[in-house]
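Given next are the chains, with one letter for each unit.
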Amino acid sequence: MDSLQAARYPFLRGSAQFAEENSADIESLISSSSYESARKRGLERVLDAVSQHKVGDVPLLQEYDRLMEILSYPYARMIVSCINDRFLTKRYALAEASRMNGLLSNDPGSEMAVAEELEVRSTAAAEGRINMHFSDYLRFSHVMKASEWKLINTDLKGGFVLLDPDRFARLLQNALQERIESELPLNVPDAFRKIMRKDIDRVNMVLSDTKKKLSPTGGEGMNPDHLPPCMKAILASAQNGVNLPHSARFALVSYLNALGLTYEQIIGLFAQSPDFDESKSSYQIKHITGEERGGEGYTPPECATMRTNGICFDPDNLCAKINHPLSYYRVKSGNTQKKEEKP
Ligand code: SF4
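Residues numbered from 1 in each chain as written. Predicted model: local features only at pLDDT ≥ 70, side-chain atom pairs only at ≥ 80, totals over all residues.

Draft legend 1. Summary view of the site of the ligand. In the vicinity of the ligand, the residues found are Pro-228, Pro-229, Cys-230, Cys-303, Met-306, Cys-312, Phe-313, Pro-315, Cys-319, Pro-325 and Tyr-328. Secondary structure elements with two or more residues in the shell around the ligand: helix 11 (229-239), helix 15 (303-308) and helix 16 (325-333). By residue class, the composition of the shell around the ligand is 11 nonpolar, no polar and no charged. (Near = placed C-beta within 6 Å. Helix = DSSP H or I, 4+ residues; strand = E, 2+ residues; numbered from the N terminus. Nonpolar A, V, L, I, M, F, W, Y, C, P; charged D, E, K, R; others polar.)

Here you go:
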């Protein structure tokens, strides 16, 4: 593999081999002054992913630059692994995968090597197009919502979907994102974590700031005056001991969770009800917020679903301009920074 391709696509097996051939091992990467540039670039990869949603480019003219670029990738992955935060991992994986997609658009010669690495069954077709096995196509296109991605709208022959290079690269992006997410966290020894402490702390700080910015409350805690009429009504009913339908309870808890309220804060609101049943509420809240499964909580329903469920109460003028109860809170609180991903 040539060094430029190895540096552009550091997740390829050939890139790791290239590093080995240049006598770079993981201990030296962590601690040797010879690899300081690689560590700096690795930190930059993660910080860019968190704060800008992308991994920026660096010049790769010299062999030295290329080796540092290759080594920065495992270092970035170790930082992400040490923090082991679902939001960070997803954001980092997306940033690396988008970067690869961008590079492929000017480097069509590398797409088959990338596809092979990601085990995407595909073959080159006439006029620079690519055939992708339909089952891989389905696997990596299911997150694409536009109708043009539906299998029925593709050029499907003999079990393969014929794709233009840019669409192929877009699916490879999904494949790489999935691959990175599945591989992390890596098992990073405590001794390494100690040496990496400064970089880990730096990322943790930027991560916490980014989460605050993306939160509908801007990290300021919930202001009840900014709640939409539906949530005010459901919350008031819950606190007055009115028996809520499941859809209303689900909408309220998932909404409060999305605002960043903790389990204790949410159960504290329900505890004001005269017939508060802690064990029943606790189970429901933990299930909806994801605490029970150790994962993410459910996404709160949008206005259309609230209306269908008959729990859109007393919509006001602002309601006419939004389509999600979380948008109502953002507008009311003046925290209108576009939410890119749930922190
Ligand atoms: S329009 Fe949306 S935000 Fe407004 S009350 Fe109905 S569901 Fe709630």
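Once the structure has been displayed, the description carries forward.
Draft legend 2. Molecular detail of helix 8 (residues 134-141). Along helix 8, the positions that sit buried rather than exposed are Tyr-137, Phe-140 and Ser-141. Buried residues in helix 8, looked at end-on, bunch into an arc of 90 degrees, giving them a common side. Turned more than 90 degrees off the buried face of helix 8, the exposed positions are Ser-135 and Leu-138. Among the structural elements, strand 2 (130-133), strand 4 (160-163) and helix 9 (165-183) are those in contact with the buried residues of helix 8. (Buried ≥ 20, exposed ≤ 12 C-beta atoms within 10 Å, placed from the backbone. Arc of directions from axis to C-beta. Contact = placed C-beta atoms within 7 Å.)

Draft legend 3. The arrangement of the sheet that holds strand 1 (residues 122-124) in detail. Within the open sheet, the four strands sit side by side as 1-2-4-3. Their pairing is antiparallel. Two strands close off the open sheet at either side, each with one partner strand: strand 1 and strand 3 (155-157). The average angle at which neighbouring strand axes cross in this sheet is 30 degrees, direction not considered. With three bridges joining them, strand 1 and strand 2 adopt antiparallel strand pairing. Its bridge partner lying in strand 2, Thr-123 is registered against Asn-131. Helix-sheet contacts for helix 9 involve strand 2 and strand 4, and the interaxial angle to strand 2 is about 35 degrees. (Pairing = 2+ DSSP bridges. Axes fitted to C-alpha atoms, helices over the stretch in contact; angles between N-to-C directions.)

Draft legend 4. Representation of the environment of Asp-277 within the structure. Within the fold, Asp-277 resides in the loop between helix 13 (263-270) and helix 14 (278-289). By the C-beta count within 10 Å, which is 11 here, Asp-277 ends up exposed.

Draft legend 5. Spatial organisation of the pairing of strand 4. With four bridges connecting them, strand 2 and strand 4 associate as antiparallel partners. Bridge pairing in strand 4 places Met-132 opposite Val-161. With three bridges connecting them, strand 3 and strand 4 associate as antiparallel partners. Across the sheet, Asp-155 pairs through a bridge with Leu-162, a residue of strand 4.

Draft legend 6. Spatial organisation of the domain arrangement of the protein chain. We note that the domain assignment places domain 1 (3-84 + 185-210), domain 2 (108-176) and domain 3 (224-333) within the protein chain. Put simply, the middle of domain 1 and the middle of domain 3, counted by C-alpha atoms, are 41 Å apart. (Domains from an automatic or database assignment.)

Draft legend 7. Examining unusual backbone geometry more closely. Following Leu-184, the chain continues to Pro-185 via a peptide bond in cis, the omega torsion being 5 degrees. Inspection of the secondary structure puts Pro-185 in the loop between helix 9 and helix 10 (190-214). Phi at Asn-84 is positive, roughly 50 degrees, even though this residue is not glycine. Tracing the backbone shows Asn-84 in the loop between helix 5 (63-83) and helix 6 (86-104). Residue classification places Asn-84 among the exposed residues on the basis of 12 C-beta atoms within 10 Å. In this model, Glu-127 sits at a positive phi of 55 degrees, which is unusual for a non-glycine residue. Mapping Glu-127 onto the fold places it in the loop between strand 1 and strand 2. For Glu-127, a count of 7 C-beta atoms within 10 Å translates into the label exposed.

Draft legend 8. Region of the structure containing the packing of helix 4 (residues 36-52) against helix 5. Where helix 4 contacts helix 5, the axes come no closer than 7 Å and their chain directions differ by 55 degrees. The angle between helix 4 and helix 5 places the two elements in the oblique class. The two elements helix 4 and helix 5 meet at a crossing, and its hand is right-handed. Contacts from Ser-37, Ala-38, Arg-39, Arg-41, Gly-42, Leu-43, Arg-45 and Val-46 in helix 4 reach Met-68, Glu-69, Leu-71, Ser-72, Tyr-75, Ala-76, Ile-79 and Val-80 in helix 5. (Parallel < 35°, antiparallel > 145°, perpendicular 65-115°, else oblique. Left-handed = near helix turned anticlockwise from the far one by under 90°.)

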